[in-house]
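Residue-level structural notes
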Amino acid sequence: MKDSGDLIKIQRVEKSRLPETDLRNIKFGTIFTDHMFIADYIDGQWQDPRIIPYQPLAMEPSAKVFHYGQAVFEGMKAYKDDRGNVFLFRPEKNLIRINRSAERLAMPRIPDEYFLEGLKKLVDLDQEWIPSEYGSSLYLRPVYFAISNEIAASPSQDYRFIIIASPAQSYYTGEVKVKVEEHYSRACSGGVGYAKAAGNYAAQFLATEKAKKEGYKQVIWTDSKTHEFVEEAGTMNIFFRIDDTLITAPTSDRILHGVTRESLIRLAEDNGIDVEVRRLTVDEVMDAARDGRLQEIFGSGTAATVLPIIGIGYRNEYYELPKEPKNPYAPKLKKMLMDIQYNRAPDPYGWRVPVVTKS
Ligand SMILES: Cc1ncc(COP(=O)(O)O)c(C=O)c1O
(Lines give C-alpha, C1' and ligand atoms only; values in the text may rest on other atoms or scores of the structure.)
Protein backbone atom coordinates (compact mmCIF):
# COMPACT_ATOMS: atom_id res chain seq x y z
CA MET A 1 0.00 0.00 0.00
CA LYS A 2 1.22 3.48 -0.84
CA ASP A 3 1.91 5.84 2.04
CA SER A 4 -1.36 7.66 2.64
CA GLY A 5 0.65 10.88 2.75
CA ASP A 6 1.04 10.49 -1.01
CA LEU A 7 -2.21 8.75 -1.72
CA ILE A 8 -4.74 11.15 -0.28
CA LYS A 9 -4.48 14.85 -1.08
CA ILE A 10 -5.88 17.25 1.49
CA GLN A 11 -7.57 20.56 0.84
CA ARG A 12 -8.28 22.21 4.20
CA VAL A 13 -11.12 24.59 5.03
CA GLU A 14 -10.11 28.20 5.27
CA LYS A 15 -12.03 28.63 8.49
CA SER A 16 -13.32 25.89 10.75
CA ARG A 17 -17.00 25.86 11.78
CA LEU A 18 -16.07 24.26 15.07
CA PRO A 19 -15.91 27.48 17.18
CA GLU A 20 -19.59 28.16 16.47
CA THR A 21 -20.65 24.53 17.11
CA ASP A 22 -21.87 23.43 20.52
CA LEU A 23 -20.69 19.83 20.81
CA ARG A 24 -22.67 19.34 24.03
CA ASN A 25 -25.96 19.98 22.35
CA ILE A 26 -26.29 18.08 19.11
CA LYS A 27 -29.03 16.05 17.52
CA PHE A 28 -27.65 12.78 16.17
CA GLY A 29 -26.68 12.97 12.51
CA THR A 30 -27.32 16.67 11.92
CA ILE A 31 -23.91 18.34 12.34
CA PHE A 32 -21.00 17.50 10.08
CA THR A 33 -17.30 18.18 10.51
CA ASP A 34 -15.25 20.56 8.37
CA HIS A 35 -14.02 17.96 5.89
CA MET A 36 -15.09 14.95 3.85
CA PHE A 37 -13.29 12.23 1.92
CA ILE A 38 -14.13 11.73 -1.74
CA ALA A 39 -12.91 9.45 -4.51
CA ASP A 40 -14.34 8.50 -7.89
CA TYR A 41 -14.34 5.37 -9.98
CA ILE A 42 -14.30 6.53 -13.60
CA ASP A 43 -13.63 4.55 -16.78
CA GLY A 44 -12.80 1.44 -14.79
CA GLN A 45 -10.23 3.18 -12.57
CA TRP A 46 -10.28 4.44 -9.01
CA GLN A 47 -8.82 7.92 -8.96
CA ASP A 48 -8.08 11.10 -7.12
CA PRO A 49 -8.77 10.17 -3.48
CA ARG A 50 -8.85 13.44 -1.57
CA ILE A 51 -10.12 15.23 1.46
CA ILE A 52 -11.96 18.45 0.77
CA PRO A 53 -14.13 20.87 2.74
CA TYR A 54 -17.58 19.39 3.53
CA GLN A 55 -19.81 20.65 0.72
CA PRO A 56 -22.80 19.87 -1.53
CA LEU A 57 -22.20 17.43 -4.36
CA ALA A 58 -23.00 18.45 -7.91
CA MET A 59 -24.81 15.60 -9.66
CA GLU A 60 -26.95 15.39 -12.74
CA PRO A 61 -30.62 14.44 -12.31
CA SER A 62 -29.94 11.44 -14.53
CA ALA A 63 -27.34 10.00 -12.13
CA LYS A 64 -28.19 6.33 -11.72
CA VAL A 65 -28.33 6.37 -7.94
CA PHE A 66 -31.48 8.54 -8.04
CA HIS A 67 -33.32 6.08 -10.27
CA TYR A 68 -32.12 2.62 -9.35
CA GLY A 69 -30.84 3.02 -5.80
CA GLN A 70 -27.43 1.57 -6.53
CA ALA A 71 -25.96 2.73 -3.23
CA VAL A 72 -24.46 1.13 -0.14
CA PHE A 73 -23.13 2.61 3.06
CA GLU A 74 -21.51 1.91 6.41
CA GLY A 75 -21.86 3.18 9.97
CA MET A 76 -18.98 3.25 12.43
CA LYS A 77 -17.44 5.49 15.07
CA ALA A 78 -14.20 7.07 16.25
CA TYR A 79 -13.75 7.18 20.04
CA LYS A 80 -11.59 9.60 22.05
CA ASP A 81 -10.11 8.74 25.43
CA ASP A 82 -9.38 11.16 28.31
CA ARG A 83 -5.94 11.97 26.95
CA GLY A 84 -7.08 12.79 23.43
CA ASN A 85 -6.03 9.48 21.87
CA VAL A 86 -8.47 8.49 19.14
CA PHE A 87 -9.40 4.98 17.99
CA LEU A 88 -11.50 3.26 15.41
CA PHE A 89 -13.23 0.02 16.37
CA ARG A 90 -12.67 -2.99 14.10
CA PRO A 91 -12.77 -0.88 10.89
CA GLU A 92 -11.64 -3.86 8.82
CA LYS A 93 -15.05 -5.42 9.53
CA ASN A 94 -16.78 -2.45 7.94
CA LEU A 95 -14.40 -2.62 5.00
CA ILE A 96 -15.29 -6.27 4.43
CA ARG A 97 -18.98 -5.51 4.82
CA ILE A 98 -19.10 -2.54 2.43
CA ASN A 99 -17.38 -4.60 -0.22
CA ARG A 100 -19.79 -7.48 0.37
CA SER A 101 -22.65 -5.00 0.02
CA ALA A 102 -21.04 -3.53 -3.11
CA GLU A 103 -20.66 -6.98 -4.67
CA ARG A 104 -24.36 -7.69 -4.10
CA LEU A 105 -25.27 -4.47 -5.91
CA ALA A 106 -22.87 -5.23 -8.79
CA MET A 107 -20.52 -2.40 -7.82
CA PRO A 108 -16.71 -2.57 -7.98
CA ARG A 109 -14.65 -3.16 -4.83
CA ILE A 110 -13.48 -0.14 -2.90
CA PRO A 111 -9.70 -0.36 -2.49
CA ASP A 112 -8.75 -1.19 1.12
CA GLU A 113 -6.48 1.84 1.41
CA TYR A 114 -9.16 4.28 0.19
CA PHE A 115 -11.51 3.04 2.88
CA LEU A 116 -9.08 2.63 5.78
CA GLU A 117 -6.72 5.52 5.05
CA GLY A 118 -9.62 7.75 4.05
CA LEU A 119 -11.20 7.15 7.46
CA LYS A 120 -7.97 7.65 9.37
CA LYS A 121 -6.97 10.82 7.54
CA LEU A 122 -10.42 12.35 7.95
CA VAL A 123 -10.63 11.47 11.64
CA ASP A 124 -7.13 12.78 12.25
CA LEU A 125 -7.84 16.05 10.43
CA ASP A 126 -11.16 16.63 12.22
CA GLN A 127 -10.13 15.20 15.61
CA GLU A 128 -11.03 18.42 17.44
CA TRP A 129 -14.65 17.70 16.50
CA ILE A 130 -14.71 14.49 18.55
CA PRO A 131 -16.39 15.04 21.90
CA SER A 132 -14.35 13.42 24.64
CA GLU A 133 -17.11 12.42 27.08
CA TYR A 134 -17.56 8.71 27.65
CA GLY A 135 -20.44 7.73 25.38
CA SER A 136 -19.87 10.52 22.86
CA SER A 137 -18.02 9.86 19.61
CA LEU A 138 -17.55 10.81 15.99
CA TYR A 139 -20.02 8.91 13.83
CA LEU A 140 -18.51 8.01 10.46
CA ARG A 141 -20.60 7.44 7.40
CA PRO A 142 -18.92 5.96 4.30
CA VAL A 143 -21.35 6.07 1.35
CA TYR A 144 -20.80 4.60 -2.11
CA PHE A 145 -23.11 5.26 -5.05
CA ALA A 146 -23.68 5.19 -8.81
CA ILE A 147 -23.03 8.41 -10.72
CA SER A 148 -23.26 7.53 -14.42
CA ASN A 149 -25.74 9.82 -16.12
CA GLU A 150 -28.00 7.39 -17.87
CA ILE A 151 -31.56 6.21 -17.44
CA ALA A 152 -31.02 2.52 -18.01
CA ALA A 153 -31.64 -0.19 -15.45
CA SER A 154 -28.16 -1.69 -15.53
CA PRO A 155 -25.06 -1.22 -13.37
CA SER A 156 -23.44 2.18 -13.49
CA GLN A 157 -20.06 2.62 -15.18
CA ASP A 158 -18.94 5.30 -12.74
CA TYR A 159 -19.18 5.59 -8.97
CA ARG A 160 -18.38 7.93 -6.11
CA PHE A 161 -17.22 6.98 -2.64
CA ILE A 162 -17.40 9.56 0.13
CA ILE A 163 -16.94 9.57 3.89
CA ILE A 164 -18.59 12.17 6.08
CA ALA A 165 -18.29 12.54 9.86
CA SER A 166 -20.75 13.71 12.47
CA PRO A 167 -20.07 14.35 16.16
CA ALA A 168 -22.47 12.33 18.31
CA GLN A 169 -23.45 12.45 21.94
CA SER A 170 -24.31 9.33 23.81
CA TYR A 171 -27.42 7.84 22.29
CA TYR A 172 -30.58 7.98 24.32
CA THR A 173 -33.90 6.97 22.83
CA GLY A 174 -36.07 6.80 25.93
CA GLU A 175 -37.96 3.63 26.75
CA VAL A 176 -38.00 1.27 23.81
CA LYS A 177 -41.01 -0.91 23.15
CA VAL A 178 -40.94 -3.15 20.10
CA LYS A 179 -43.67 -4.76 18.05
CA VAL A 180 -43.32 -8.09 16.28
CA GLU A 181 -43.94 -7.37 12.59
CA GLU A 182 -45.89 -10.05 10.75
CA HIS A 183 -46.87 -8.32 7.54
CA TYR A 184 -43.96 -6.28 6.21
CA SER A 185 -40.46 -7.71 5.72
CA ARG A 186 -37.13 -5.89 5.59
CA ALA A 187 -35.35 -8.76 3.86
CA CYS A 188 -36.00 -12.02 2.07
CA SER A 189 -33.93 -15.03 1.10
CA GLY A 190 -31.86 -14.31 -1.96
CA GLY A 191 -32.37 -10.60 -1.38
CA VAL A 192 -30.19 -7.81 -0.04
CA GLY A 193 -30.86 -7.94 3.71
CA TYR A 194 -27.26 -8.84 4.55
CA ALA A 195 -26.03 -5.80 2.61
CA LYS A 196 -26.15 -2.25 3.86
CA ALA A 197 -28.00 -1.23 0.73
CA ALA A 198 -29.53 2.24 1.10
CA GLY A 199 -32.91 1.04 -0.17
CA ASN A 200 -33.21 -1.49 2.65
CA TYR A 201 -33.72 1.38 5.04
CA ALA A 202 -36.36 3.18 2.97
CA ALA A 203 -38.19 -0.16 2.85
CA GLN A 204 -38.35 -0.21 6.65
CA PHE A 205 -39.84 3.23 7.14
CA LEU A 206 -43.53 2.48 6.56
CA ALA A 207 -43.71 -0.48 8.94
CA THR A 208 -41.82 1.49 11.58
CA GLU A 209 -44.05 4.56 11.18
CA LYS A 210 -47.13 2.37 11.61
CA ALA A 211 -45.68 0.74 14.72
CA LYS A 212 -44.89 4.20 16.13
CA LYS A 213 -48.54 5.18 15.81
CA GLU A 214 -49.30 2.22 18.07
CA GLY A 215 -46.83 3.46 20.70
CA TYR A 216 -43.82 1.34 19.73
CA LYS A 217 -40.33 2.62 18.88
CA GLN A 218 -39.25 -0.15 16.56
CA VAL A 219 -40.38 -3.38 14.97
CA ILE A 220 -38.93 -6.83 15.40
CA TRP A 221 -38.45 -8.21 11.92
CA THR A 222 -39.43 -11.82 11.43
CA ASP A 223 -38.51 -14.14 8.54
CA SER A 224 -40.35 -13.18 5.39
CA LYS A 225 -41.60 -16.67 4.59
CA THR A 226 -43.37 -17.72 7.79
CA HIS A 227 -43.05 -14.71 10.14
CA GLU A 228 -42.36 -17.28 12.86
CA PHE A 229 -38.69 -16.56 13.52
CA VAL A 230 -37.25 -13.39 15.04
CA GLU A 231 -34.46 -11.83 12.98
CA GLU A 232 -33.59 -8.18 13.73
CA ALA A 233 -34.98 -5.17 15.59
CA GLY A 234 -35.25 -1.99 13.54
CA THR A 235 -31.70 -1.33 12.38
CA MET A 236 -30.14 -3.46 15.09
CA ASN A 237 -29.37 -7.09 15.69
CA ILE A 238 -31.35 -8.52 18.59
CA PHE A 239 -30.57 -10.61 21.66
CA PHE A 240 -32.97 -12.41 23.99
CA ARG A 241 -32.09 -13.64 27.44
CA ILE A 242 -34.23 -16.59 28.47
CA ASP A 243 -33.33 -17.75 31.98
CA ASP A 244 -29.56 -17.23 31.93
CA THR A 245 -28.94 -17.97 28.26
CA LEU A 246 -28.40 -15.29 25.67
CA ILE A 247 -29.90 -16.17 22.31
CA THR A 248 -29.45 -14.43 18.97
CA ALA A 249 -30.28 -15.43 15.42
CA PRO A 250 -27.47 -16.66 13.16
CA THR A 251 -26.57 -14.24 10.39
CA SER A 252 -27.88 -15.19 6.98
CA ASP A 253 -28.62 -13.46 3.71
CA ARG A 254 -31.53 -11.73 5.50
CA ILE A 255 -29.62 -10.53 8.57
CA LEU A 256 -26.89 -7.93 8.74
CA HIS A 257 -23.61 -9.21 10.12
CA GLY A 258 -23.36 -6.63 12.90
CA VAL A 259 -19.94 -5.73 14.24
CA THR A 260 -21.47 -4.99 17.64
CA ARG A 261 -23.33 -8.31 17.61
CA GLU A 262 -20.15 -10.26 16.85
CA SER A 263 -18.21 -8.38 19.55
CA LEU A 264 -20.92 -8.89 22.18
CA ILE A 265 -21.11 -12.62 21.47
CA ARG A 266 -17.35 -12.84 22.00
CA LEU A 267 -17.44 -10.79 25.21
CA ALA A 268 -20.36 -12.77 26.59
CA GLU A 269 -18.73 -16.12 25.83
CA ASP A 270 -15.40 -15.04 27.31
CA ASN A 271 -17.13 -13.85 30.47
CA GLY A 272 -19.01 -16.99 31.33
CA ILE A 273 -22.38 -16.17 29.76
CA ASP A 274 -24.05 -19.00 27.85
CA VAL A 275 -24.68 -17.87 24.29
CA GLU A 276 -26.77 -19.72 21.75
CA VAL A 277 -26.61 -18.56 18.15
CA ARG A 278 -29.67 -20.21 16.73
CA ARG A 279 -33.04 -19.57 15.20
CA LEU A 280 -35.65 -18.56 17.73
CA THR A 281 -39.39 -18.43 17.20
CA VAL A 282 -41.70 -15.66 18.36
CA ASP A 283 -43.67 -18.39 20.15
CA GLU A 284 -40.62 -19.43 22.14
CA VAL A 285 -40.05 -15.81 23.18
CA MET A 286 -43.69 -15.27 24.13
CA ASP A 287 -43.92 -18.62 26.00
CA ALA A 288 -40.82 -17.64 27.97
CA ALA A 289 -42.40 -14.25 28.68
CA ARG A 290 -45.61 -15.84 29.96
CA ASP A 291 -43.62 -18.26 32.16
CA GLY A 292 -41.53 -15.43 33.62
CA ARG A 293 -38.35 -16.80 32.01
CA LEU A 294 -37.77 -13.98 29.53
CA GLN A 295 -35.35 -11.77 31.43
CA GLU A 296 -34.02 -9.30 28.89
CA ILE A 297 -34.22 -8.24 25.26
CA PHE A 298 -31.72 -5.84 23.76
CA GLY A 299 -30.73 -4.52 20.38
CA SER A 300 -27.11 -4.15 19.30
CA GLY A 301 -25.60 -1.71 16.83
CA THR A 302 -22.96 0.95 16.41
CA ALA A 303 -25.26 3.90 17.12
CA ALA A 304 -26.68 2.73 20.46
CA THR A 305 -24.13 -0.02 21.31
CA VAL A 306 -26.60 -1.97 23.45
CA LEU A 307 -30.20 -0.84 23.64
CA PRO A 308 -32.39 -2.48 26.29
CA ILE A 309 -35.98 -3.08 25.27
CA ILE A 310 -38.63 -2.67 27.94
CA GLY A 311 -41.63 -4.28 26.29
CA ILE A 312 -42.68 -6.47 23.37
CA GLY A 313 -46.00 -6.50 21.53
CA TYR A 314 -47.22 -9.50 19.55
CA ARG A 315 -50.70 -9.65 18.04
CA ASN A 316 -53.02 -8.67 20.88
CA GLU A 317 -50.53 -9.33 23.63
CA TYR A 318 -48.06 -6.93 25.20
CA TYR A 319 -45.40 -8.11 27.59
CA GLU A 320 -43.32 -5.88 29.80
CA LEU A 321 -39.82 -7.12 30.67
CA PRO A 322 -38.64 -7.32 34.28
CA LYS A 323 -37.60 -3.83 35.38
CA GLU A 324 -34.72 -5.16 37.43
CA PRO A 325 -33.58 -8.54 36.14
CA LYS A 326 -31.10 -10.29 38.41
CA ASN A 327 -27.53 -9.71 37.25
CA PRO A 328 -28.59 -7.96 34.02
CA TYR A 329 -26.49 -8.75 30.97
CA ALA A 330 -27.21 -5.68 28.83
CA PRO A 331 -25.48 -3.01 31.00
CA LYS A 332 -22.63 -5.38 31.81
CA LEU A 333 -21.90 -6.19 28.16
CA LYS A 334 -22.38 -2.56 27.15
CA LYS A 335 -19.80 -1.39 29.69
CA MET A 336 -17.31 -4.08 28.71
CA LEU A 337 -17.60 -3.13 25.06
CA MET A 338 -17.45 0.63 25.66
CA ASP A 339 -14.48 0.31 27.98
CA ILE A 340 -12.57 -1.31 25.15
CA GLN A 341 -13.78 1.27 22.61
CA TYR A 342 -12.80 4.19 24.88
CA ASN A 343 -9.44 2.74 25.91
CA ARG A 344 -10.53 2.29 29.52
CA ALA A 345 -9.82 -1.43 29.56
CA PRO A 346 -7.18 -3.68 28.02
CA ASP A 347 -8.03 -4.86 24.52
CA PRO A 348 -7.00 -8.51 24.36
CA TYR A 349 -8.74 -8.88 21.01
CA GLY A 350 -6.90 -6.12 19.13
CA TRP A 351 -10.20 -4.43 18.27
CA ARG A 352 -9.01 -0.85 18.84
CA VAL A 353 -7.18 0.74 15.94
CA PRO A 354 -5.25 3.88 16.96
CA VAL A 355 -5.68 6.92 14.74
CA VAL A 356 -4.35 9.73 16.93
CA THR A 357 -1.75 8.91 19.55
CA LYS A 358 -1.00 11.59 22.16
CA SER A 359 0.41 9.49 24.97
C1 LIG B 1 -30.15 -3.73 9.64
C2 LIG B 1 -29.05 -3.58 10.63
N3 LIG B 1 -28.82 -4.56 11.51
C4 LIG B 1 -27.83 -4.49 12.42
C5 LIG B 1 -27.01 -3.39 12.51
C6 LIG B 1 -25.91 -3.35 13.52
O7 LIG B 1 -24.66 -3.45 12.90
P8 LIG B 1 -23.35 -2.88 13.59
O9 LIG B 1 -23.25 -3.51 14.93
O10 LIG B 1 -22.25 -3.26 12.69
O11 LIG B 1 -23.55 -1.39 13.69
C12 LIG B 1 -27.22 -2.31 11.63
C13 LIG B 1 -26.39 -1.11 11.70
O14 LIG B 1 -25.40 -1.02 11.02
C15 LIG B 1 -28.25 -2.41 10.65
O16 LIG B 1 -28.47 -1.43 9.78
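One structure accompanies this document, and this report is about it. (Residues numbered from 1 in each chain as written. Predicted model: local features only at pLDDT ≥ 70, side-chain atom pairs only at ≥ 80, totals over all residues. Heavy atoms only, no water.)

**Quick word on the overall build of the protein chain**
Convention followed: Only DSSP runs of H or I covering at least 4 residues are called helices, and only runs of E covering at least 2 are called strands; the numbering of each starts at the N terminus. Only the C-alpha atoms count toward the radius of gyration. The rule for a globule is 2.2 Å times the residue count to the power 0.38. For each residue, the accessible area found with a 1.4 Å probe, counting protein chains only, is set against the maximum for its type, and the residue is called buried under 20%, exposed over 50%, and partly exposed in between. Residues are treated as being in contact if the distance between any of their heavy atoms lies within 4.5 Å. Accessible areas in this description were obtained via Shrake-Rupley with a 1.4 Å probe; residue shielding takes into account the shown protein chains only. The convention is simple: Lys and Arg are positive, Asp and Glu are negative, and His and the chain ends are not counted. The atom standing in for a charge is NZ when the residue is Lys, CZ when it is Arg, CG when it is Asp and CD when it is Glu.
If you tally the helices and strands in the protein chain, you get 8 helices and 19 strands. Over its C-alpha atoms the protein chain spans a radius of gyration of 21 Å, differing by no more than 12% from the 21 Å that the globule rule assigns to 359 residues. Over its C-alpha atoms, taken along the principal directions, the protein chain stretches across nearly 60 × 55 × 35 Å. Buried positions account for 54% of the 359 residues belonging to the protein chain. Look at the contacts in the protein chain between residues 6 or more apart in sequence, and 72% of them connect residues 24 or more apart. Working note: accessible area of the protein chain is about 16,500 Å², and carbon and sulfur atoms make up 49% of it. Looking at charge distribution, the protein chain has the averaged site of its 48 positive side-chain charges lying 2 Å from that of its 51 negative ones.

**Remarks on the pattern of salt bridges**
Selection rule: Whenever a carboxyl oxygen of Asp or Glu lies within 4 Å of a side-chain nitrogen of Lys or Arg, that contact is scored as a salt bridge.
Within the structure shown, the criterion is met by 24 salt bridges. The residue lysine 64 makes a salt bridge to glutamate 150 at a minimum N-O spacing of 3.7 Å. Of the two residues, lysine 64 is situated in helix α2 (residues 64-68) and glutamate 150 in the loop between β7 (137-146) and β8 (159-168); the sequence distance between them amounts to 86 residues. A residue is classified by how much of its surface remains accessible, and glutamate 150, at 39% relative accessible area, is partly exposed. A salt bridge links glutamate 320 to lysine 323; the nearest nitrogen and oxygen atoms lie 3.4 Å apart. Judged by its relative accessible area of 33%, glutamate 320 falls in the partly exposed class. A residue is classified by how much of its surface remains accessible, and lysine 323, at 69% relative accessible area, is exposed.

**Structural notes on unusual backbone geometry**
Notably, aspartate 43 is not glycine yet its phi reads approximately 50°, a positive angle. We classify aspartate 43 as exposed; its relative accessible area is 68%. For arginine 315, which is not glycine, the phi dihedral falls at a positive 50°. Mapped onto the secondary structure, arginine 315 falls in the loop between β17 (311-314) and β18 (317-320).

**Some details on the environment of proline 49**
Tracing the backbone through its elements, the reader meets proline 49 in strand β3 (residues 45-53). Sequence separation between proline 49 and glycine 199 is 150 residues; the distance between their C-alpha atoms is 26 Å. With sequence-adjacent residues up to four places away left out, proline 49 is seen in contact with Leu7, Ile8, Lys9, Phe37, Ile38, Ala39 and Tyr114.

**A look at the site of the ligand**
Applicable threshold: Here, proximity means that at least one heavy atom of the residue falls within 4 Å of the molecule or strand. In protein, a polar contact means a hydrogen-donor-capable atom and an acceptor-capable atom, both N or O and within 3.5 Å, with residues adjacent in sequence counting only if both atoms are side-chain atoms; elsewhere, any N or O pair within 3.5 Å suffices. Residues are grouped as follows: Ala, Val, Leu, Ile, Met, Phe, Trp, Tyr, Cys and Pro are nonpolar; Asp, Glu, Lys and Arg are charged; every other residue, Gly included, is polar.
Neighbouring the ligand are 15 residues, the closest being Lys196, Tyr201, Glu232, Thr260 and Thr302. Residue valine 259 places a main-chain N or O atom 2.8 Å away from an oxygen atom belonging to the ligand. Within the side chain of threonine 302, an N or O atom sits 2.6 Å from an oxygen atom of the ligand. Out of a free accessible area of 390 Å², the ligand has 96% covered by protein chains. Within the residue set of the shell around the ligand, elements represented by two or more residues are β12 (236-242), α6 (259-270) and β15 (294-301). Looking at the shell around the ligand, its residues break down into 4 nonpolar, 7 polar and 4 charged.

**Some remarks on the nonpolar core**
Filter applied, for reference: The criterion is simple. A nonpolar core is a set of buried Ala, Val, Leu, Ile, Met, Phe, Trp, Tyr and Cys residues joined through side-chain atoms within 4.5 Å.
In terms of nonpolar packing, the biggest core is built from 47 residues, with Val123, Leu140, Tyr144 and Phe161 touching the most fellow members. Discounting residues that sit within four places of it in the chain, valine 123 has contacts with Ala78, Val86, Leu88, Ile130, Leu138, Leu140 and Val355.

**Here we look at the packing of α6 against helix α8 (residues 329-341)**
The cut-off we apply is this: Lines are fitted to the C-alpha atoms to define the axes, a helix being fitted only along its stretch in contact, and any angle between axes, read from their N-to-C directions, falls within 0 to 180 degrees. The labels follow the angle: roughly parallel below 35 degrees, roughly antiparallel above 145, roughly perpendicular from 65 to 115, and oblique for the rest.
Relative orientation of the contacting elements α6 and α8 amounts to 110°, with a least axis distance of 10 Å. Of the possible angle classes, the one that applies to α6 and α8 is roughly perpendicular. Residues Thr260, Ser263, Leu264, Leu267 and Ala268 of α6 lie in contact with α8, whose contacting residues are Leu333, Met336, Leu337 and Ile340. Looking at side-chain class alone, the contact of α6 with α8 contains 7 nonpolar, 2 polar and no charged residues.

**Things to note about the packing of aromatic side chains**
We apply this condition: In this scheme Phe, Tyr and Trp rings, the latter by its six-membered ring, pair at centre separations within 6.5 Å, and the angle between planes marks the pair as stacked below 30 degrees, edge-to-face above 60, and tilted otherwise. By definition, being over a ring means that NZ of Lys or CZ of Arg is both within 6 Å of the ring centre and within 35 degrees of the ring normal.
Per the stated rule, a full pass over the model turns up 18 aromatic pairs. Measuring from ring centre to ring centre gives 5.0 Å for tyrosine 79 and tyrosine 342, while their planes differ by 75°; the resulting arrangement is edge-to-face. Note that tyrosine 79 is positioned in strand β5 (residues 76-80) and tyrosine 342 in the loop between α8 and β19 (352-356), a separation of 263 residues in sequence. The residues tyrosine 79 and tyrosine 342 share a single accessibility class, namely buried. The cationic tip of arginine 279 hangs over the ring face of phenylalanine 229; the distance from NZ or CZ to the ring centre is 3.7 Å.

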